[in-house]
Amino acid sequence: MTHPARPQWLRRPDHATPGLAFGADYNPEQWPREVWRDDVRLMREAGVNIVSLGIFSWARLQPGADTWRFDWLDEVMALLHDHGIAVDLATATASPPPWLTAKHPEILPVNARGETIWPGGRQHWRPTSPVFRSYALRLVEALAGRYADHPALAAWHVSNELGCHNVYDYSDDAAHAFRTWLRARYATLDALNHAWGTAFWSQEYGDWAQILPPRLAATHPNPTQQLDFKRFSSEALREHLRAERDILRRYTPDVPVTTNFMIMGGTKGMDYAAWAADVDFVSNDHYLEPGPQGLDELSFSANLTGNIAGGRPWFLMEHATSAVNWQPVNVAKKQGELARDSLTHVAHGADAVCFFQWRQSAAGAEKFHSAMVPHAGSDSDVFRSVTRLGATLRDLAPLAGAHREQAPAAIVFHWESWWAAEADSHPSDLLRYREEALDWYTAFLDLGIRVDVVPLGTPLAGYRLVVAPILHMISEPVAEDLRGYVESGGHLVTTYFSGIVDEHDHVWLGGHPGALRDLLGIRVEEFAPLRRGETVPLDLGLDASLWSEHVQVTSPDVTVLARYAGGELAGRPAVTRRTVGAGSAAYASTCLGPAGLTRVLGTLAEAAGVASELPPSVRGQVELAVRRQDEVRYAFLVNRTDRTVTVAGMAGEPLVGTRGPDGGIAVGPRGVAVLRQS
Ligand code: GAL
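Residues numbered from 1 in each chain as written. Predicted model: local features only at pLDDT ≥ 70, side-chain atom pairs only at ≥ 80, totals over all residues. Heavy atoms only, no water.

## A look at the site of the ligand
Next up, step 1: Looking at the ligand, the residues that line it are Phe-56, Arg-122, Asn-160, Glu-161, Asp-285, Tyr-287, Glu-318, Trp-326, Phe-356, Glu-366 and His-369.
Next up, step 2: Interatomic distance of 3.0 Å between a side-chain N/O atom of Arg-122 and an oxygen atom of the ligand.
Next up, step 3: In the environment of the ligand, an oxygen atom lies 2.3 Å from a nitrogen or oxygen atom belonging to the side chain of Glu-161.
Next up, step 4: The protein chains hide 96% of the 310 Å² of surface that the ligand would expose on its own.
Next up, step 5: In the shell around the ligand, the residues fall into 4 nonpolar, 2 polar and 5 charged. (Near = heavy atom within 4 Å. Polar contact = N/O pair within 3.5 Å; in protein donor to acceptor, adjacent residues only side chain to side chain. Areas by Shrake-Rupley, 256 points an atom, 1.4 Å probe, with all protein chains shown as cover. Nonpolar A, V, L, I, M, F, W, Y, C, P; charged D, E, K, R; others polar.)

Given below as C-alpha cells:
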C-alpha cells in the first residue's frame, strides 16, 4: 500500500511524499468490527491520510485498575496502517472511566459554590489532582510503551481540548496547588498582600494557608485573586500537558507531541500564547459561530493560531463538516461552506484539515453532530463534499510547509487583558474584549487590508500599523515597547479601556489611560459607559455605543479625527491621533462597530501608508491571505459573499480556481481560489 502525502513534520514512512494532512477524530470503539473495514475503504476514497485515535477510549483500554485491553487498538492501528492512514494517537486521558471515579471520587472537580461535578459527561477531573495525574500518566506510559515503534504512529495527541470543561476547579487540591503557585510567584506574603491590594476590605493574609481559590463569596471576590486564579488555572493545565508530554518524549523522541487548542469564540480560560512553547506543533479546533461575523471570526482565529505557531504550519485538529450539536440552533452548512471554511484555515497556515468526527455517532450526546460520513452514509452531499475537499487538498500539496507571509498591519491579542477587562465590578458588564478585536479585524477585511492577529509580545517593528484593542493591562515594560514602536516610526492605534491597569490589576494613576496617556497625548478623567441599546452620535455621521469618555487633548501634536456630536459629551474628542516623529499614536474612546471602524481605520491606514493589495472593485468581498516558501507565494482569495466575485490583475498560476478569458480569477459563491506566484 502506498502512503498518501502528509506534512513533513509528522513522523512518516520514508516513502510518503510531503503534502497536507486530511482526516478526522476516529472513534471505532463506537462501531462493530465490520464497520471498520468500510471506514478504511471510505477513508481511502475521500483521500484521508491521518486520523486521531483513542481520544475517549480510556474505559475500553483499561476496563479496571489492573486490566488492560489493547487487542482492539492493535487491530485498528494495523488496519489503518495497511491502508496507508497515519495515526495521531491520543493519550486517552480526557475522560476518566467510571471505575476510576467510583474508586477515587476525590479526582472530581468542584465548582465555586462547592458543588461536585459528577461523572456522566466527560473531562470530570481536577487538573491538580495527584491521584488523577498518577492514573493518567500510567495510561500514557502504557500506550507509549506499546505503540512507540508502531509504523502508523505519526504524532501524539495529549488528552483532548485541555480545559474545555474543567479549567476552573475550586477543590481542596486546587487550593493547595494555588498556594504553591502563589508562593513561586510572590515569594513573600507581603508581596502577595501588596499585589492583591488586601488593605481593602480587611483581606490581609498572615499565613499562606489562609489563601483560597475565589470561591463563592458574599460579594465580588478580590480582583487580583480572581486574575491570579485564572493565570494559575491555565498554568495548572499546562503542567498536566507537560507531564504527559515528557513521558511521550522519553519513549519516542522522534514523534511530535501536540494537544488541540480551542482558539475560537468565547473560549477564554487558556492562555495559548504561553502554551505554544510546550508542544512540538500547534493544533487548533474551531467551530463556526452563527451570525454575520461567523466567517470573519473563523479567519481571525485561524490567523491568531498561525501567529501563535510563529508563522509556521499548524494542524487544524477539529472542525465540522456541517452542523454542531451544542449551539441553541444548530445550522447546517450551506453549499460551499465546508470547503471554504477548511481552506480559510489553510490560507492562514494550516497544513492539516481534520474534522470531528469521521463517522457520525448513532448513540451518545453527539449523535446530531455532523461528521465526514453522516447518518445518511456515503451517498450524501456531505460525503461528496468531503471527497471533493480531499482532492483539492491533494492539489494544494505543493504548499505544504509554506509559512505565513507577514502582513503590513497587526492586531495585538492579550489573554490577560481579556480576563482583566471583563472582570466584575467594572464600569460596564457589557464590554466584550474579543468582540472589539474582531470588529477591528472585520474592518481590515472590509478594507481588503491584510492583517496579522498576534499575541502580545510579538515583535512589532515589522508592522507599519498596529491596533491594540482594549489592551487593558499594560505593565511598564509593555508600555515602553509600545512607546519605542511609535518613536521608531510605527503607527499605533488603541481603544477605550486600554492601558488602565498594571500586571497586578492596579490602576495607573493621574488620569486614564495611565500607561499610554503621554504617548497618546490625551487624558481621560472619567468613563461614561452607555446602557444596552443606547448610542451616541459622532460628527462623522456614525453612531457609537457601549462606551464613551471625557477625553481631553493634552498635546499640541494631536489631531481630533472625530468628536461626540450629542449628549453630555457633545463637542468633545472621540477619536484622536498624535503624530510622534514619523510615527503616530491614535485612540478610539468609544465602540464603533465594524462599519464605524471601517471608516476610521480607512483614514488611519492611509495615514500610516498601509494599502490594500486587492483591486478596489473586490475589496471587502474577498479576503486575501498569503503563505510563502522561499521565493514562491501562495495567494488565497476567499470569497466572503454568496455571489461569484471576479478578481482581476492578480498574477500567478491557479492551483485552485481558473482564469477566465479576460484573465480574471472568478471565485464562486463562498469559494476559494489559490494562486501560486513566483
Ligand atoms: C470538541 C471536542 C470533540 C467534540 C466536538 C464537537 O470540543 O473536542 O470531542 O465534542 O467539540 O463540536
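This is not the end of the story, as more comes after the structure.
## A word on the domain arrangement of the chain
Next up, step 1: The domain boundaries assigned to the chain delineate domain 1 (21-168 + 235-401), domain 2 (409-608) and domain 3 (618-677).
Next up, step 2: Summarising the inter-unit geometry, the C-alpha centres of domain 1 and domain 3 are found 31 Å apart.
Next up, step 3: The interface is formed by 24 residues belonging to domain 1 together with 15 residues belonging to domain 3.
Next up, step 4: Between domain 1 and domain 3 lies a buried interface of about 1,600 Å² when both sides are counted; carbon and sulfur atoms form 59% of it.
Next up, step 5: Contact with domain 3 buries surface across domain 1, with Arg-340, Ala-347 and Leu-399 losing the most and accounting together for 31% of the total.
Next up, step 6: Remark: the boundary between domain 1 and domain 3 carries 2 salt bridges. (Domains from an automatic or database assignment. Contact = heavy atoms within 4.5 Å. Buried area = accessible area lost by both parts, 1.4 Å probe. Salt bridge = Lys/Arg side-chain N within 4 Å of Asp/Glu carboxyl O.)

## Description of the pairing of strand E4 (residues 153-157)
Regular strands place side chains that alternate from one sheet face to the opposite one.
Next up, step 1: Burial analysis of E4 places 5 of its 5 residues in the buried class, the great majority of the element.
Next up, step 2: The sheet contact formed by strand E3 (residues 86-90) and E4 spans 4 bridges and is parallel. Across the sheet, Ala-90 pairs through a bridge with His-157, a residue of E4.
Next up, step 3: By the bridge criterion, 2 bridges tie E4 to strand E5 (residues 257-258) in an arrangement that is parallel. Note that in E5 the partner of His-157 across the bridge is Thr-258. (Buried < 20%, exposed > 50% of the residue type's maximum accessible area, 1.4 Å probe, protein only. Helix = DSSP H or I, 4+ residues; strand = E, 2+ residues; numbered from the N terminus. Pairing = 2+ DSSP bridges.)

## What to know about helix H14 (residues 433-447)
Next up, step 1: In this model H14 runs 22 Å from its N-terminal to its C-terminal C-alpha over 15 residues, within 8% of the 21 Å that 1.5 Å per residue would give.
Next up, step 2: Of all 15 residues in H14, 13 are buried, a share of seventy percent or more.
Next up, step 3: With its phi angle positive at about 75 degrees, Gly-448 sits one or two positions after the end of H14. (Expected span 1.5 Å × (residues − 1).)

## So, the sheet that holds strand E6 (residues 260-261)
Next up, step 1: Spatially, 9 strands are ordered E5-E4-E3-E2-E1-E9-E8-E7-E6 in an open sheet, and the strand pairing comes out parallel. Of all strands in the sheet, those bounded by a partner on one side alone are E5 and E6.
Next up, step 2: Relative to strand E7 (residues 283-285), E6 is paired through 2 bridges, and the arrangement is parallel. Counted as the bridge partner of Asn-260 is Ser-283 from E7.
Next up, step 3: Packed onto the sheet, helix H3 (residues 71-82) meets strand E1 (21-26), strand E2 (50-53) and E3 and runs at close to 170 degrees relative to E2. (Axes fitted to C-alpha atoms, helices over the stretch in contact; angles between N-to-C directions.)

## Quick notes on the packing of aromatic side chains
Next up, step 1: Within the structure shown, the criterion is met by 33 aromatic pairs.
Next up, step 2: Relative to Trp-275, the ring of Tyr-272 lies with its centre 5.3 Å away and its plane at 75 degrees, an arrangement referred to as edge-to-face. One end of the pair is Tyr-272 and the other is Trp-275, both in helix H9 (residues 272-275) and 3 residues apart, which spans about a single turn.
Next up, step 3: Its relative accessible area of 1% is what places Tyr-272 among the buried residues. (Phe/Tyr/Trp six-rings, centres within 6.5 Å; stacked < 30°, edge-to-face > 60°.)

## A look at the packing of helix H1 (residues 33-46) against H3
Next up, step 1: Across the interface, H1 lies against H3 with an axial gap of 10 Å and an inter-helix angle of 25 degrees. Between H1 and H3, the interaxial angle falls into the category roughly parallel. Along this stretch, H1 crosses H3, giving a crossing that reads as right-handed. Only Trp-72, Glu-75, Val-76, Leu-79 and Leu-80 of H3 make contact with H1, whose side of the interface consists of Arg-33, Trp-36, Arg-37, Val-40 and Met-43.
Next up, step 2: When its residues are assigned to classes, the contact of H1 with H3 shows 7 nonpolar, no polar and 3 charged. (Parallel < 35°, antiparallel > 145°, perpendicular 65-115°, else oblique. Left-handed = near helix turned anticlockwise from the far one by under 90°.)

## Focus on the packing of H1 against helix H12 (residues 381-395)
Next up, step 1: Following both chains from N to C, one finds H1 and H12 inclined at 55 degrees, their axes separated by 8 Å at the closest point. If you check the angle between H1 and H12, you find them oblique. For the pair formed by H1 and H12, the contact residues are Leu-42, Glu-45 and Ala-46 on the first element and Phe-383, Val-386, Thr-387 and Gly-390 on the second.
Next up, step 2: For the contact of H1 with H12, the per-class residue count stands at 4 nonpolar, 2 polar and 1 charged.

## Concerning unusual backbone geometry
Next up, step 1: Of the consecutive residues Phe-356 and Gln-357, the connecting peptide bond is found in the cis state with omega at -5 degrees.
Next up, step 2: Counting through the fold element by element, Gln-357 comes out in the loop between strand E9 (350-355) and H12.
Next up, step 3: Geometrically, the link from His-512 to Pro-513 is a cis peptide bond, its omega value of -15 degrees lying close to zero.
Next up, step 4: With respect to the element layout, Pro-513 can be found in the loop between strand E14 (491-495) and helix H16 (517-520).
Next up, step 5: Of note in this structure, Trp-201 is not a glycine but carries a positive phi near 55 degrees.
Next up, step 6: Inspection of the secondary structure puts Trp-201 in the loop between helix H7 (189-196) and helix H8 (223-251).

## Brief notes about the pattern of salt bridges
Next up, step 1: Scanning the entire structure with this criterion turns up 43 salt bridges.
Next up, step 2: Measuring nitrogen to oxygen at the nearest pair gives 3.7 Å for the salt bridge that ties Arg-340 to Glu-337. With Arg-340 and Glu-337 both in helix H11 (residues 337-347) and 3 residues apart, the pair spans about one turn of that helix.
Next up, step 3: Taking relative accessible area as the criterion, Glu-337 reaches 11% and is therefore assigned buried.
Next up, step 4: Here Asp-557 and Arg-578 are joined by a salt bridge, their closest N and O atoms 3.8 Å apart. Of this pair, Asp-557 sits in the loop between strand E18 (549-553) and strand E19 (558-563) while Arg-578 sits in strand E20 (residues 573-580), and the two are 21 residues apart along the sequence.
Next up, step 5: Salt bridges linked by common partners bring Glu-235, Arg-238, Arg-242, Arg-245, Asp-246 and Asp-278 together as one network.

## Topic: H7
Next up, step 1: Listed as buried for H7 are Leu-189, Leu-192, Asn-193, Ala-195 and Trp-196. Projected down its long axis, H7 carries its buried residues within an arc of 165 degrees, all on one side. The exposed set on the far side of H7, more than 90 degrees from its buried face, consists of Asp-190 and His-194.
Next up, step 2: Considering only its buried residues, H7 is in contact with helix H6 (172-186) and H8.
Next up, step 3: Positive backbone phi, approximately 60 degrees, marks Gly-197, located one or two places after H7. (Arc of directions from axis to C-beta.)

## Here's the deal with the nonpolar core
Next up, step 1: If you look at the biggest cluster of nonpolar residues, it comprises 180 residues, and the most contacted ones within it are Leu-80 and Trp-358.
Next up, step 2: Counting 16 residues, the second-largest nonpolar core is a separate cluster that includes Tyr-186, Tyr-205, Phe-229 and Ala-236. (Core = buried A, V, L, I, M, F, W, Y, C linked by side-chain atoms within 4.5 Å.)

## Looking at the environment of Leu-227
Next up, step 1: Among the structural elements, Leu-227 can be located in helix H8.
Next up, step 2: By relative accessible area, which is 4% here, Leu-227 ends up buried.
Next up, step 3: As for Leu-227 and Leu-675, which are separated by 448 residues in sequence, their C-alpha atoms are 45 Å apart.
Next up, step 4: Apart from the residues lying within four places of it in its own chain, the contact partners of Leu-227 are Glu-416, Trp-419, Ala-420, Met-473, Glu-503 and Asp-505.

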